[in-house]
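What follows is the residue order along each chain.
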Amino acid sequence: LMINRGRSIPVMCLRRLAGLEPLPLDATSSVLVVQSDSDWVGFAVPRLRAIETVHWSPVLPQSGLGEHDAMAQALGSREMALVDSGGGQRMLRVLDLAGIARGMREQALAA
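Attention here is on the structure that accompanies the text. (Residues numbered from 1 in each chain as written. Predicted model: local features only at pLDDT ≥ 70, side-chain atom pairs only at ≥ 80, totals over all residues. Heavy atoms only, no water.)

Turning next to the pattern of salt bridges. Summed over all chains, the structure comprises three salt bridges. Where R105 meets D37, a salt bridge forms, and the shortest distance between an N and an O atom there is 3.9 Å. Here R105 is found in helix α3 (residues 97-110), whereas its partner D37 is found in the loop between β4 (30-36) and β5 (39-45), with 68 residues between them in sequence. Residue classification places R105 among the partly exposed residues on the basis of a relative accessible area of 35%. Across the pair R102 and D96 runs a salt bridge whose closest N-O atoms are separated by 3.8 Å. Linked through salt bridges whose partners overlap, the residues forming this network are D37, D39 and R105. (Salt bridge = Lys/Arg side-chain N within 4 Å of Asp/Glu carboxyl O. Helix = DSSP H or I, 4+ residues; strand = E, 2+ residues; numbered from the N terminus. Buried < 20%, exposed > 50% of the residue type's maximum accessible area, 1.4 Å probe, protein only.)

If you want it as structure tokens, here you go:
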């Protein structure tokens, strides 16, 4: 939980949500904050290297991602983006943080 501009914002470990081993957070860690409807959610990441401009974004076919589970669909997205940084071009997986936040809210309301 963090306080920002008078708001209490729950903070989740993005690596843990994605099914990866969480890494320790330290002074180089960042929190990405998104608004989903009227709620704000933070996603902790061990290190934010850059914010890149997307040049190309194909959507690959989805399979078996829980058709009615918004969070599973957002976390399991196969959408890719081509980014061009100083070191050259590379393909990265796109994560819809607002979609993950909506899925978390839906799960909390259903419980």
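Consider a sheet: its strands pair through backbone hydrogen bonds, and that pairing is either parallel or antiparallel. Across the sheet, three strands lie side by side as β3-β5-β4; this open sheet has mixed pairing. This sheet does not close on itself; its edge strands, each paired only once, are β3 (11-13) and β4. For this sheet the average axis-to-axis angle between neighbouring strands, irrespective of direction, equals 30°. Pairing between β4 and β5: seven bridges, direction antiparallel. In the sheet register, V33 faces β5, and the bridge partner there is G42. Relative to the sheet, α3 contacts β3, β4 and β5, its axis offset from that of β4 by approximately 70°. (Pairing = 2+ DSSP bridges. Axes fitted to C-alpha atoms, helices over the stretch in contact; angles between N-to-C directions. Contact = heavy atoms within 4.5 Å.)

Turning our eyes to something else, we now look at the pairing of strand β7 (residues 80-85). In regular strands, side chains alternate between the two faces of the sheet. Relative to strand β8 (residues 88-93), β7 runs antiparallel, the two sharing six bridges. By the bridge assignment, S85 is partnered in β8 with G88. Where β7 folds back on β8, the antiparallel hairpin that results is connected by two residues.

The subject of this paragraph is the nonpolar core. If you look at the biggest cluster of nonpolar residues, it comprises nine residues: L14, V34, V41, F43, V45, L97, I100, A101 and M104. Of all the elements in the fold, those that place two or more residues in this core are β5 and α3. Take this core: its biggest share by element is four residues, from α3. (Core = buried A, V, L, I, M, F, W, Y, C linked by side-chain atoms within 4.5 Å.)

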